[in-house]
Amino acid sequence: MDSSSLDGFRCLNPACPAYGQPGLGNIRHRKWYDTRSGRRRLLRCATCGREFSELKGTALWNTKIPHEQAESIVEHVTRGNSFKETGELTHTHRTTVSRLACIAGEHAQRVHDHHAQDLRVTSLQADERHGFVGRKDQPCWEATVIDPRSKFLIQNALGARTTDLAVRLLFGARARLHDPHGVVLFTDGWLPYDSLFPAMFGRPFQPKRQGSRGRLPRLQYRIPRTSGHVRIIKTYQGKRVTDIRIERAAGSQRRIDQELEALGYTAPNTSTVERHNGTARRMNPHQVRRSLAFARLPHVRQTVSDLVNAVYNFCRVHRSLRVKLDEPVGRRQYAKRTPAMAIGITDSVWSVLRLLRTVVLPTPCRS
């Protein structure tokens, strides 16, 4: 057994001194197992003695189907096929497809949480998509925050179109940014964005009390000169847009003009997130228009959405993100890139199988 093939594995026991540290030489090959669906290694940590599968921490752990078949299932689901159609195309039962999609979606969200941290972005676009869950009379909106420069999906949130949805969306996006005070936010005319922007992206300060008695005034927020908020308010007549009004809700006009010039825009807009809305409806079987393939359970709706977003970020190349090669390779003059490559998270296009095989370490317990 070549020990060099085990250098990339890490101990997954949070109580082990070698937890999460690759290349220490403490991982040993214990035995082979599950030879029916493919030979898989049982590993052992020489430091703590804990044994674990080589698939522990991945979406393929405890799966009973071949990895290539699991990859095919995820490919079909993220191409907009329903669970029933995917089962017929991959020769599996639809319940197997549903179970694997949920497991892969939970794993994809952990991968996203691990990599989408300390993001250096200067502008964001936010929008919502209408959908259903359970029944056609139970709407389920999906709100999205995207970086217009790299097309990277930073945060999404599902639920009723209330203030709570906007809070979860903006708070989650803010936690992933390197500098939340240097961002220009472009949104539609939904009012919660306007009321929540100062608290999410402003700097808090405590006003002084007028006298010596009584409670302190309510905490207020200052908008930095490096941030701003622009609302693009559309007026509809039926399903047609009859008027578009642009409103500077917060921040200086100079900072907004600077960001528009950097993005190459002549006017504020939410074109990137709106174009992604169409892409997401083609990729997600629960968002396809004029279809009965909506999710029956909220958990399935959430996990499939997380899976689709991770595949979009890491596995699907975007034509507008390609860069010209210094020297052509045969007839190829451009290098293809994914949103994760454009934002600097990875340097290669991931396959779906690589996404499923990516190990995500469990969070150690803190006493």
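Just above, that's the structure.
### Section: the overall build of the protein
Right, on to step 1. Scanning the protein for helices and strands turns up 10 helices and 15 strands.
Right, on to step 2. The C-alpha extent of the protein, read off along each of the three principal axes, is 70 × 55 × 55 Å.
Right, on to step 3. A buried classification covers 47% of the 367 residues belonging to the protein.
Right, on to step 4. A separation of at least 24 residues holds for 56% of the contacts in the protein among residues at least 6 apart in sequence.
Right, on to step 5. Split by element, the accessible area of the protein, about 20300 Å² in all, is 49% carbon and sulfur.
Right, on to step 6. Charged side chains in the protein number 61 positive and 32 negative. The centres of these two groups are separated by 3 Å.

### Structural notes on the side chain of arginine 255
Right, on to step 1. Here arginine 255 lies in helix H6 (residues 253–263).
Right, on to step 2. Among the polar contacts listed, one links the side chain of arginine 255 to the backbone oxygen of threonine 226, at a separation of 2.9 Å.
Right, on to step 3. Apart from the residues within four sequence positions on either side, arginine 255 is in contact with Thr122, Gly182, Val184, Arg225, Thr226 and Ser227.

### Section: the pairing of strand E15 (residues 332–335)
Right, on to step 1. Where strand E14 (residues 323–329) meets E15, three bridges bridge the pair, whose relative direction is antiparallel. Each residue of the ladder has a partner; that of valine 323, found in E15, is alanine 335.
Right, on to step 2. Linking two consecutive strands that pair antiparallel, namely E14 and E15, is a turn of two residues; a positive phi of about 65 degrees is found at glycine 330 within it.

### A few points about helix H1 (residues 67–77)
Right, on to step 1. When H1 is considered as a whole, its buried residues turn out to be His67, Ala70, Glu71, Ile73, Val74 and Val77. The buried residues of H1 occupy an angular sector of 160 degrees when the element is viewed end-on, so they sit on one face.
Right, on to step 2. Turning to H1, the residues buried within the fold contact strand E2 (40–45), helix H2 (83–90), helix H3 (94–115), helix H7 (271–283), helix H8 (298–314) and helix H10 (352–357).

### Regarding the packing of aromatic side chains
Right, on to step 1. This structure, assessed with the given rule, holds four aromatic pairs.
Right, on to step 2. Between phenylalanine 152 and phenylalanine 314, the ring centres sit 6.5 Å apart and the planes meet at 85 degrees, which makes this aromatic pair edge-to-face. A residue pair is termed long-range when its members are at least 10 positions apart, and phenylalanine 152 in the loop between strand E7 (141–146) and strand E8 (153–159) and phenylalanine 314 in helix H8 qualify at 162 residues. By the burial criterion, phenylalanine 152 is buried, and phenylalanine 314 matches it.
Right, on to step 3. By way of ring pairs, the aromatic residues Phe152, Phe314 and Trp350 are connected into one cluster.
Right, on to step 4. The cationic tip of arginine 161 hangs over the ring face of tryptophan 141; the distance from NZ or CZ to the ring centre is 4.9 Å.

### Some remarks on the packing of H2 against H3
Right, on to step 1. Direction vectors running N to C along H2 and H3 enclose 110 degrees, while the axes themselves pass 8 Å from each other. Judged by the angle between their axes, H2 and H3 are roughly perpendicular. In contact with Phe83, Lys84, Thr86 and Gly87 of H2, H3 contributes Arg94, Val97, Ser98 and Ala101.

### Quick word on a nonpolar patch on the surface
Right, on to step 1. A cluster of nonpolar side chains, namely Tyr236, Val241, Ile244 and Ile246, defines an oily patch on the protein surface of about 390 Å² accessible area.
Right, on to step 2. Tallying contributions element by element places strand E13 (residues 240–251) first for the nonpolar patch, with three residues.

### Some thoughts on the nonpolar core
Right, on to step 1. Counting 62 residues, the largest nonpolar core has Leu119, Leu124, Ile154, Leu177 and Phe201 as the members making the most contacts within it.
Right, on to step 2. Examining the composition of this core, we find that eight residues originate from one element, H8, more than from any other.
Right, on to step 3. When neighbours within four sequence positions are excluded, leucine 177 is seen to be in contact with Asp118, Leu119, Val121, Leu124, Ile154, Val183 and Phe201.
Right, on to step 4. Of all hydrophobic cores here, the second largest spans 10 residues; its members include Leu6, Leu12, Leu43 and Cys45.

### Considering the pattern of salt bridges
Right, on to step 1. Following the criterion strictly, the structure yields 16 salt bridges and no others.
Right, on to step 2. Among the salt bridges present, the one from arginine 301 reaches glutamate 142, with a minimum N-O distance of 3.1 Å. Taken together, the residues arginine 301 in helix H8 and glutamate 142 in strand E7 connect sequence positions 159 residues apart. Across the pair, glutamate 142 and arginine 301 agree in class, each one buried.

Rules of the game
- Residues numbered from 1 in each chain as written.
- Predicted model: local features only at pLDDT ≥ 70, side-chain atom pairs only at ≥ 80, totals over all residues.
- Heavy atoms only, no water.
- Helix = DSSP H or I, 4+ residues; strand = E, 2+ residues; numbered from the N terminus.
- Buried < 20%, exposed > 50% of the residue type's maximum accessible area, 1.4 Å probe, protein only.
- Contact = heavy atoms within 4.5 Å.
- Areas by Shrake-Rupley, 256 points an atom, 1.4 Å probe, with all protein chains shown as cover.
- Lys, Arg positive; Asp, Glu negative; His and termini not counted.
- Charge placed at Lys NZ, Arg CZ, Asp CG, Glu CD.
- Polar contact = N/O pair within 3.5 Å; in protein donor to acceptor, adjacent residues only side chain to side chain.
- Pairing = 2+ DSSP bridges.
- Arc of directions from axis to C-beta.
- Phe/Tyr/Trp six-rings, centres within 6.5 Å; stacked < 30°, edge-to-face > 60°.
- Lys NZ or Arg CZ within 6 Å of the ring centre and 35° of its normal.
- Axes fitted to C-alpha atoms, helices over the stretch in contact; angles between N-to-C directions.
- Parallel < 35°, antiparallel > 145°, perpendicular 65-115°, else oblique.
- Patch = residues over 30% accessible without salt bridge, like charges linked within 9 Å, V, L, I, M, F, W, Y side chains within 5 Å.
- Salt bridge = Lys/Arg side-chain N within 4 Å of Asp/Glu carboxyl O.
- Core = buried A, V, L, I, M, F, W, Y, C linked by side-chain atoms within 4.5 Å.

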